[in-house]
Amino acid sequence: MTVSRTADRAQRKAAASTATDPPAERGTWQPRSWRSFEVAQQPTYPDRVALETVLRELAALPPLVTSWEVETLKQEIDEAARGERFLLWGGDCAETFVDCRSQTITAKLKILLQMSLVLVHGLRVRVTRVGRFAGQYAKPRSSDLETVDGRTLPSYRGDLVNGVEFEESVRVPDPQRLLRGYERSALTLNFIRSLTEGGFADLHHPEQWELSFADHSDHAEEYRRRVEEIRTSVTFVEMLAGHRQGLERVEFFTSHEALVMPYEEALTRTVPRREGWYDLSTHLPWIGMRTADPAGAHVEFFRGVRNPVAVKIGPAMTRDRLLRLLDLLHPCDEPGRLALVHRLGAGRVEELLPALVEAVRESGKRVLWVCDPMHGNTQKTSRGLKTRRFEDILGEVEDSFRVHAELDSVLGGIHFELTGEDVTECVGGARGLDEEGLDRAYRSFVDPRLNYEQALEMALLVARRGPTKRVP
Ligand code: PEP
Ligand code: CO
């Protein structure tokens, strides 16, 4: 079933390179060269002058992240692609400006820390934590317009663009929101950096990350047992070594769907003593399923930046399209450059994943494979509420681990929509949340997220798989 891993990578790379549209024929890349390509999912700003003024202001403001953080993440993505690390990636479907609050941010940080600890313990690899936060403010929509009671207004595209309230003054895209989004991202990052540098994430004191309602969780005991084992090991190693092991702080990386192109362009910079351009709005920008057209503006933009880049892969992805994306976004097989995030839907992994893995293998390039078990599993309840079933999410994760292993490939990360709060948006899980129970605390304006307990349960179930496999 699999192409031999020992076949010459370079030979396969040359054979698989598509003849059409090589990067050189596109001309020299510039941060603004995406502007001559078809660009999907952009807001229509009525006041172009106001937009240009905001973009100039943004371009003069300091970057949100640094190139060395971005390069560190790239290295860790390469390790995850080889099975030497695991990427835990999660957060809200969309952040909102009002939720830029200490409680929401710390709850998200806590659940990601808890999940990562459980995964380190179970999978026996280091875990890199990437948040869908500090910039996840823009959403793709299936339609530009929304009609309610005979009135038609622009669709809500995320707080970076417009507001959710169905009022004309709120729904018309406002460029000032680009500045507000930049500022909220900076505030979030500042708080996260202070917390993670300042001892909040100290492995000697995991009790600091406990959430108040965690005691009542069905999983509290298994979680505590794993944490206690880690704490004992840490004490033992430090006793032998005679000094602390630098476990007082952890790294956190940020990511968002890079959707609103003028915003990304304004934050794309050169830096002293490094070559090329970095999109310094985030560490790991991703191209969503609806904007992953190889001929489109988003792919053109991201072929030119030095960040690691992720691309969402849906069920409609073809071998040829994937090979073109690899040509454009990953031409030199640079370690850690590309993550492919498949979101195929429960029950479809076995049918769809092998062709994707074979196509990448044919290209001779290495990528990090990540499973997003959320976006292929959205359904509506009988009352029209968007939800996802815990069992479907878990099913897609388990199938992805299994099918990658059967193909002699490695699943190096998982991508969840989750929150550290006690919301009721996804059904199922140990507590058996059902459709009736969704009303109690359904807060998402966009996609349904795993709540704290469901997210921790997910990590515990994944951790039970045991050590991950490495690739040569
Ligand atoms: C998302 O990650 O919120 C999203 C919209 O995903 P996709 O592009 O995979 O549909
Ligand atoms: Co979503």
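You'll find the structure just up there.
Conventions adopted
Residues numbered from 1 in each chain as written. Chains lettered and ligands numbered in written order. Predicted model: local features only at pLDDT ≥ 70, side-chain atom pairs only at ≥ 80, totals over all residues. Heavy atoms only, no water. Helix = DSSP H or I, 4+ residues; strand = E, 2+ residues; numbered from the N terminus. Expected span 1.5 Å × (residues − 1). Buried < 20%, exposed > 50% of the residue type's maximum accessible area, 1.4 Å probe, protein only. Contact = heavy atoms within 4.5 Å. Salt bridge = Lys/Arg side-chain N within 4 Å of Asp/Glu carboxyl O. Donors = N, O, S within 2.8 Å, 3.2 Å for Na, K, Ca; no water. Polar contact = N/O pair within 3.5 Å; in protein donor to acceptor, adjacent residues only side chain to side chain. Pairing = 2+ DSSP bridges. Axes fitted to C-alpha atoms, helices over the stretch in contact; angles between N-to-C directions. Core = buried A, V, L, I, M, F, W, Y, C linked by side-chain atoms within 4.5 Å. 1 Å grid on protein atoms, 1.4 Å probe; cavity = no way out; pocket = protein on both sides within 12 Å on 5 of 7 lines; lining within 4 Å. Points joined across faces, edges and corners; volume = space filled by probe spheres on them. Nonpolar A, V, L, I, M, F, W, Y, C, P; charged D, E, K, R; others polar.

### Some points on helix H6 (residues 176-197)
Okay, step 1: Helix length check: H6 (22 residues) gives 32 Å between terminal C-alpha atoms against 32 Å at 1.5 Å per residue, within 8%.
Okay, step 2: Within the span of H6, buried status applies to Arg177, Leu178, Leu179, Gly181, Tyr182, Ser185, Thr188, Leu189, Ile192, Leu195 and Thr196.
Okay, step 3: Buried residues in H6 make contact with helix H2 (48-60), helix H4 (102-123), strand S5 (253-257) and helix H8 (261-266).
Okay, step 4: One or two residues past the end of H6 sits Gly199, with phi positive at roughly 105 degrees.

### Some remarks on the pattern of salt bridges
Okay, step 1: Taken as a whole and assessed by the stated rule, the structure comprises 37 salt bridges.
Okay, step 2: The salt bridge involving Arg171 is made with Glu146; its shortest N-O contact spans 2.9 Å. Residue Arg171 is found in helix H5 (residues 168-171), and its partner Glu146 is found in strand S3 (residues 145-148); the two are separated by 25 residues along the sequence.
Okay, step 3: Residue Glu146 is classed as partly exposed on the basis of its relative accessible area of 30%.
Okay, step 4: By sharing partners, the salt bridges in this structure join Arg132, Lys386, Arg388, Glu417 and Asp447 into a single network.

### Let's talk about the coordination of the cobalt ion (ligand 2)
Each donor-metal-donor angle would ideally measure 109.5 degrees in four-coordinate tetrahedral geometry, or 90 or 180 degrees in six-coordinate octahedral geometry.
Okay, step 1: Donor atoms from the polypeptide that coordinate the cobalt ion (ligand 2) comprise Cys93 (SG), His375 (NE2), Glu417 (OE) and Asp447 (OD), at 2.1 to 2.4 Å from the metal.
Okay, step 2: Going along the chain, you hit the donors of the cobalt ion (ligand 2) in the pattern C-x281-H-x41-E-x29-D. Here Cys93, found in the loop between strand S1 (85-91) and H4, pairs with His375, found in the loop between strand S11 (368-371) and strand S12 (379-380); they are 282 residues apart in sequence, far enough to count as distant. Here the two residues Cys93 and His375 agree in accessibility, since each one is buried.

### Some details on the side chain of Arg157
Okay, step 1: With respect to the helices and strands, the residue Arg157 is situated in the loop between strand S4 (151-154) and H5.
Okay, step 2: The class of Arg157 is buried, set by a relative accessible area of 5%.
Okay, step 3: Among the polar contacts made by the side chain of Arg157, one reaches the side chain of Asp144 at a distance of 2.6 Å.
Okay, step 4: Once residues lying within four places of it in the same chain are set aside, the contact partners of Arg157 are Gln41, Gln42, Pro43, Tyr137, Ala138, Lys139, Pro140, Arg141, Ser143, Asp144 and Asn162.

### Thoughts on the sheet that holds strand S2 (residues 126-131)
Okay, step 1: Within the closed barrel, the eight strands sit side by side as S1-S2-S5-S8-S9-S10-S11-S14. Their pairing is parallel. This sheet shows a mean twist of 30 degrees between the axes of neighbouring strands, independent of strand direction.
Okay, step 2: Pairing geometry for strand S9 (residues 309-313) and strand S10 (residues 338-342), over five bridges, is parallel. Within S10, the position partnered with Val311 by the bridge is Leu340.

### What to know about unusual backbone geometry
Okay, step 1: Backbone geometry at Asp149 places phi at a positive 50 degrees, although glycine is not the residue there.
Okay, step 2: Summarising the element assignment, Asp149 is placed in the loop between S3 and S4.
Okay, step 3: Phi at Asp408 is positive, roughly 60 degrees, even though this residue is not glycine.
Okay, step 4: Residue placement: Asp408 occurs in the loop between helix H12 (390-406) and strand S14 (411-417).

### Quick look at the nonpolar core
In a soluble, globular protein the nonpolar side chains are often hidden away together inside.
Okay, step 1: In this structure, Leu178, Phe416 and Leu450 are the most contacted members of the largest nonpolar core, which totals 109 residues.
Okay, step 2: In this structure Leu450 touches Met374, Phe390, Ile393, Phe416, Glu417, Leu418, Thr419, Cys426, Ala455 and Met458, once residues within four positions along its chain are discounted.
Okay, step 3: One finds Phe253, Trp286, Val341 and Val370 within the second-largest nonpolar core, a separate group that totals 15 residues.

### Observations regarding empty space enclosed by the protein
Okay, step 1: With the rule as written, the count across this model stands at three cavities of 30 Å³ or more.
Okay, step 2: Surrounding the largest cavity, Asp92, Glu95, Thr96, Asp99, Cys100, Thr104, Ile105, Lys108, Tyr137 and Thr188 form its lining.
Okay, step 3: If one sorts the elements of the lining of the largest cavity by residue count, H4 sits on top with three residues.
Okay, step 4: Among the residues forming the lining of the largest cavity, the class breakdown is three nonpolar, three polar and four charged.
Okay, step 5: When its volume is computed, the second largest cavity comes out at roughly 50 Å³.
Okay, step 6: As for the second largest cavity, its lining consists of Gly135, Tyr137, Ala138, Leu160, Gly181, Ser185, His256, Glu257, Leu259, Val260, Tyr263 and Glu264.
Okay, step 7: Where the lining of the second largest cavity is concerned, the elements lending two or more residues are H6, S5 and H8.
Okay, step 8: For the lining of the second largest cavity, the per-class residue count stands at six nonpolar, four polar and two charged.

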